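# Analysis of the macromolecular model
Here is what each chain is made of, one letter per residue.
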Amino acid sequence: RVVCSGFTMADTWSQLYLGAGLTVLSHPLMFVKVLIQVGHEPIAPVMGRNIFRRPVLQLPGLFTYAKHIVKIDGKRGLFKGLTPRLCAGAIGTLVHGRVLQSYQDMKENECTEMEKIGDEPSLQRVFDETMREMIARSTATIVTHPFHVITLRCMIQFIGRETKYSGIFSSVVTIYKEEGFLGFFAGLIPRLLGDMISLWLCNMLAYIINTYALEPPSQGSQIGELRSYSQAVTGFLASMLTYPFVLVSNLMAVNNCGLVGGLPPYAAVYTSWVDCWRQLSREGNLSRGNSLFFRKAPAGRIYAADQKRFV
């Protein structure tokens, strides 16, 4: 159901505080995920058993990987790249809210018209809402992507023990000098495509389920509660399907940036994000980093202990 009320300053500040808190709490998870995405495996795989009790060569999970980082850099090491990520989150929240507010200002009579239609969402209504959300998200993503690039590069410095990207302002200067203006938007296209596809899949699937799979909610029924969960379920499915876009975007953001984690022989130099996608697909690595638990070693690959990766 759409709520046609304007954004208040209190709402904005509450979103900023909540977003900052969640960002801090989730940062170690993202740090580990990014290192796995670029292929850094500092701990050799060990023989274990899967849920079917069959022997399998297992890789360290989230907590084991995080303990390794703490052992080397201390607990503060888990928060590399946190500052630019906090900036991206705060600016993104403000831009996203501002774009949606602009749409509301342009269509101030929309609430009255929708009240005449009723509470049941129509396909046109879902389409309009999704289009507005897509524009708001895309605008926020474009504006904050330079901070995202800096965040990722601060993280992968862990691999080569570099300090090239040590702060926001110095990182901005470094990127501009070495790569020019376009360097701030490395990996932007697959990130935007992934976000848009995920959003449309999520909203369209939720509409189909709510309209055709679930009956209209009646008083005392549990259909209304099931409908509230459909968005979360379809969102999870959409994020799983579009994960390769996230992986390719992150790899392109750090590719050939002067850091060990983005240069040969540790990582290939891709000519474009399509080239990156094709190579990962050939290697069977389009889902690398998607799971942080119950990880198994890739089939047909040899663990190179000196390079701390699979070759």
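Residues numbered from 1 in each chain as written. Predicted model: local features only at pLDDT ≥ 70, side-chain atom pairs only at ≥ 80, totals over all residues. Heavy atoms only, no water.

### A short note on the overall build of the protein chain
- Scanning the protein chain for helices and strands turns up 10 helices and four strands.
- Taking all 311 residues of the protein chain together, the buried fraction comes to 42%.
- Here the analysis covers contacts within the protein chain between residues at least 6 apart in sequence; of these, 75% occur between residues at least 24 apart.
- Put simply, the protein chain shows about 17700 Å² of open surface, and 63% of that area lies on carbon and sulfur atoms. (Helix = DSSP H or I, 4+ residues; strand = E, 2+ residues; numbered from the N terminus. Buried < 20%, exposed > 50% of the residue type's maximum accessible area, 1.4 Å probe, protein only. Contact = heavy atoms within 4.5 Å. Areas by Shrake-Rupley, 256 points an atom, 1.4 Å probe, with all protein chains shown as cover.)

### Some remarks on the packing of aromatic side chains
- Counting across every chain of the model gives eight aromatic pairs.
- With 5.3 Å between their ring centres and 50° between their planes, F127 and W200 make a pair best called tilted. Here F127, found in helix α5 (residues 123-160), pairs with W200, found in helix α7 (residues 188-213); they are 73 residues apart in sequence, far enough to count as distant.
- Plain terms: the ring middles of W273 and W277 are 6.4 Å apart, the flat faces sit at 80° to each other, and that makes the pair edge-to-face. Pair noted here: W273 and W277 are both in helix α10 (residues 273-283), with a separation of four residues, about one helical turn.
- In this structure W273 comes out as partly exposed when scored by relative accessible area, which is 23%.
- Through pairs of rings, three or more aromatic residues link up here, namely F181, F184 and F185.
- Looking at R309, its charged tip hangs above the ring of Y266, at a distance of 5.6 Å from the centre. (Phe/Tyr/Trp six-rings, centres within 6.5 Å; stacked < 30°, edge-to-face > 60°. Lys NZ or Arg CZ within 6 Å of the ring centre and 35° of its normal.)

### As for the confidence of the model for the protein chain
- Averaged over all residues, the pLDDT of the protein chain is 87; the fraction at 70 or higher stands at 87%.
- The secondary structure element of the protein chain with the lowest average pLDDT is helix α4 (residues 110-117), at 50, and the one with the highest is helix α9 (residues 243-254), at 97.
- Considering only residues more than four positions removed or in separate chains, one finds that residues 1-5, a stretch of pLDDT under 50, has nine contacts.
- Note on residues 114-118: pLDDT under 50 across the span, and four contacts to partners over four residues away in sequence or across chains. (pLDDT = per-residue confidence, 0-100.)

### Considerations on the nonpolar core
- Among the nonpolar cores identified, the biggest contains 39 residues, and V32, L35, I69, I156, C276 and L280 are the most heavily contacted of them.
- Among all residues touching V32, those that are not within four sequence positions of it are L62, Y65, A66, I69 and L292. (Core = buried A, V, L, I, M, F, W, Y, C linked by side-chain atoms within 4.5 Å.)

### Thoughts on the environment of W277
- Judged by its relative accessible area of 24%, W277 is partly exposed.
- With 87 residues separating them along the chain, W277 and P190 place their C-alpha atoms 9.7 Å apart.
- Once residues within four sequence positions are removed from consideration, W277 is found in contact with P244, F245, V248 and L286.

### Focus on the pattern of salt bridges
- Here the structure, examined in full by the defined rule, presents seven salt bridges.
- A salt bridge links R161 to D73, with the shortest nitrogen-to-oxygen separation between them at 2.5 Å. Residue R161 is located in the loop between α5 and α6 (168-179), and its partner D73 is located in helix α2 (residues 62-73); the two are separated by 88 residues in the primary sequence.
- Take D73: its relative accessible area is 25%, and that puts it in the partly exposed class.
- E178 is the salt-bridge partner of K164, the closest N and O atoms lying 2.8 Å from each other. In this pair, K164 sits in the loop between α5 and α6 while E178 sits in helix α6, placing the two residues 14 residues apart along the sequence.
- When salt bridges that share partners are traced, they join D73, K80 and R161 into one network. (Salt bridge = Lys/Arg side-chain N within 4 Å of Asp/Glu carboxyl O.)

### Brief notes about the pairing of strand β1 (residues 46-49)
- Where β1 meets strand β2 (residues 55-58), four bridges bridge the pair, whose relative direction is antiparallel. Across the sheet, G48 pairs through a bridge with V56, a residue of β2.
- The antiparallel hairpin formed by β1 and β2 contains five residues in its connecting segment, where R53 sits at a positive phi of about 65°. (Pairing = 2+ DSSP bridges.)

### Some thoughts on unusual backbone geometry
- Geometrically, the link from P264 to P265 is a cis peptide bond, its omega value of 0° lying close to zero.
- With phi around 55°, K308 is a residue other than glycine that occupies positive phi space.
- Tracing the sequence through the fold places K308 in the loop between β3 (303-304) and β4 (309-310).

### Concerning the packing of α9 against α10
- For the pair α9 and α10, the least separation of the axes is 10 Å and the interaxial angle reads 120°. For the element pair α9 / α10, the angle class is oblique. For the element pair α9 and α10, the recorded crossing hand is right-handed. Each of P244, F245, L247, V248, L251 and M252 in α9 lies in contact with α10, whose residues at this interface are W273, C276, W277 and L280. (Axes fitted to C-alpha atoms, helices over the stretch in contact; angles between N-to-C directions. Parallel < 35°, antiparallel > 145°, perpendicular 65-115°, else oblique. Left-handed = near helix turned anticlockwise from the far one by under 90°.)

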